[in-house]
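Structural overview
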Amino acid sequence: MVISHTRAAMDRMEVTETHARVIIHIDIDCFYAQVEELRQPELKGKPLGIQQKNIVVTCNYPAREFGVDKLMLVTDALKRCPDLVLVRGEDLTPYRQMSTRIFEVLQRFTPCVEKLGMDENYMDVTRQIEYRLGSMTMADDPEVVGCVCPEGELLPSCPCGCDRRLAAGSAMAKEIRDVLYTELGITSCAGIAHNKLLAKLVGSVNKPNNQTVLVPHCAPTFLGDLQTVRKVTGVGQKTESLLAEIGIRTVRDLQDAEMERLQRKFGQETASKLKDLSLGRDNMPVRPSGKPKSIGLEDSCRSISVKQDVEEKFSVLLVRLVNQVMDDGRIPIAIKMTLRKFDPAKKTSHRETKQANILPSLFKLRPDGKLHLIEGGHDKLLRIIMRLFERLIDLRQPFNITLLGLAFSKFQERKFGSCSIANFLIKKSDLEVQSVTSLTSDGVTISPPSRDTFPRYVNASPVAMENDAFSDTSVASDVSSEPELEPSPKKTRIGLLIPKRPCHPRHESMDTSSPSKLRVADLRLNSLDSPPSSLADTNLPASPSTPDVEQQPLPNCVDPQHHPLYVLSLGRLMAQPRTRRSKPQE
């Protein structure tokens, strides 16, 4: 790429702008092809393409010399390169595994790593560079490693000190690329700049297996020489079309456009953002990536209209999905199924999804730290998937399925004891209801609740997948040892955990296992200010409504705290004057 220098472009640069950050963008060269070359070393040096269905999704550089390009039809690619070696790449498992290993290497240099697909990563190394420069003297200026953009330029001295930071950043980028090649056998490109936008764009200037640092004050010139606005990260197809409607097709056109003209088309906020991007201004931070919230895969296929064929496809997808989640370290607790249904009459397709919770006990961690299904777990999950399928498809009617997908959409870390999710699901208000000190009834003392006070159903699954995977009220019968289940998002937590209290006839005896079931007249409230006494022993005047309290126990379905007898008795007790204990005389 040739970078032109114009006085007009330099005039656009704000002299007062500072470049405080150091951002490195790492891009793996022809990622899929490199992974296959590592798996099959005999392919190295040969023109290689990765095939998915009838498309070459990517290829190595020897194949590109023959004119083979990404997303080219297999027939067209073979015409251009008859010796092209094609490797099936529908199974993404080896690529995901390599992507994870690359991410782990990058995290050794900085925790601030943001994944951008499987083969690209942003790294904010500002703090690490400042630490390195802090141990150097001004005489030990770091030298730039790799290429500089514009070509032939040097990093000029800048009042903000960005020249030294970017030079040190180029040295770190070389270290990162060397470790990736030494440990993983992967070659990569790197772009070094003071923001994410420029780091990504400048990294593609010198490919493959190279790196480039951008001179900050040349950013408007560098962007102005891009052919179309679509090359700017953040400008998609729709924005490109809208810009074309007002005569803006290149980044240079966008730089020269008046703000009023952009505001009339896009509004104040979007217009300002587009103008900043065209001049190379980007304040977006590098957001450290964590583990994915869902892990899944999809497989498009020719029209399927038989249930047995669907089940066979799902069985294969499930094996691949479990292998994919094996190294994640988290336990799936929900599975999501995706279908794409084709309507022959309307010639249209649409997607539908269904999700269900699953038991963590279907998985186990082996000594090697990898997750595996228990014996028979595959068949159990497959039955759940087919039940979801039958909820989306009416088997009495003809159907046409052109895509199947599975994903584990929720995960949990395996925890026990006080960190269990079961304790989190018990509301604080529920604990306070049962925390009355020393309630006594008929000689039975109820102590403050301990962990064993709560019934076992607290630890149960909110949805029993084996008995009825889709019942809203069913509770798993075999999960008493699984306290970490997460309830269905469509139900309130407390409603799932606490079953409805049955309404017993009045003549039945009361269960005293819970303080809320005690007869109100038998409650004894102890305090430091007054000696223990029952409501029957107080000197309160008799009331025509109170003598029958002893003979009329409350049914279990009635909340004692809202019963009128309880409110009346408690109100009289609180109205009684409190006597202060006198201190004993010495």
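Look a little higher up for the structure.
About the thresholds
- Residues numbered from 1 in each chain as written.
- Predicted model: local features only at pLDDT ≥ 70, side-chain atom pairs only at ≥ 80, totals over all residues.
- Heavy atoms only, no water.
- Salt bridge = Lys/Arg side-chain N within 4 Å of Asp/Glu carboxyl O.
- Buried < 20%, exposed > 50% of the residue type's maximum accessible area, 1.4 Å probe, protein only.
- Helix = DSSP H or I, 4+ residues; strand = E, 2+ residues; numbered from the N terminus.
- Pairing = 2+ DSSP bridges.
- Axes fitted to C-alpha atoms, helices over the stretch in contact; angles between N-to-C directions.
- Contact = heavy atoms within 4.5 Å.

Notes on the pattern of salt bridges
Per the counting criterion, the structure on display carries 20 salt bridges. Among the salt bridges present, the one from arginine 88 reaches glutamate 90, with a minimum N-O distance of 2.7 Å. According to the relative accessible area criterion, glutamate 90 is partly exposed, its value standing at 23%. Among the ionic pairs, aspartate 225 bridges to arginine 252, the shortest N-O distance being 3.1 Å. Here the residue aspartate 225 occupies a position in the loop between helix H9 (219-224) and helix H10 (237-245), and arginine 252 occupies one in helix H11 (residues 251-256), the gap between them amounting to 27 residues. Looking at aspartate 225, the relative accessible area reads 24%, which means it is partly exposed. Three or more residues joined by partner-sharing salt bridges are found here, namely Lys53, Asp299 and Lys313.

Overview of the environment of leucine 154
If you trace the backbone, leucine 154 turns up in the loop between strand E8 (147-149) and helix H7 (162-184). Sequence separation of leucine 154 and leucine 214 is 60 residues, and the distance between their C-alpha atoms is 9.7 Å.

Here's the deal with the sheet that holds strand E16 (residues 401-412)
Spatially, the 4 strands line up as an open sheet ordered E11-E16-E12-E13, and their pairing is antiparallel. The two strands at the open ends of the sheet, each matched to only one other strand, are strand E11 (295-304) and strand E13 (348-357). Strand-to-strand, the axes of this sheet are offset by a mean angle of 20°, without reference to chain direction. Direction of pairing for E11 relative to E16: antiparallel, over a ladder of 7 bridges. For glutamate 298, the partnering residue across the bridge sits in E16 and is glycine 405. Helix H15 (residues 377-392) contacts strand E12 (331-343), E13 and E16 of the sheet and is inclined by roughly 35° relative to E12.

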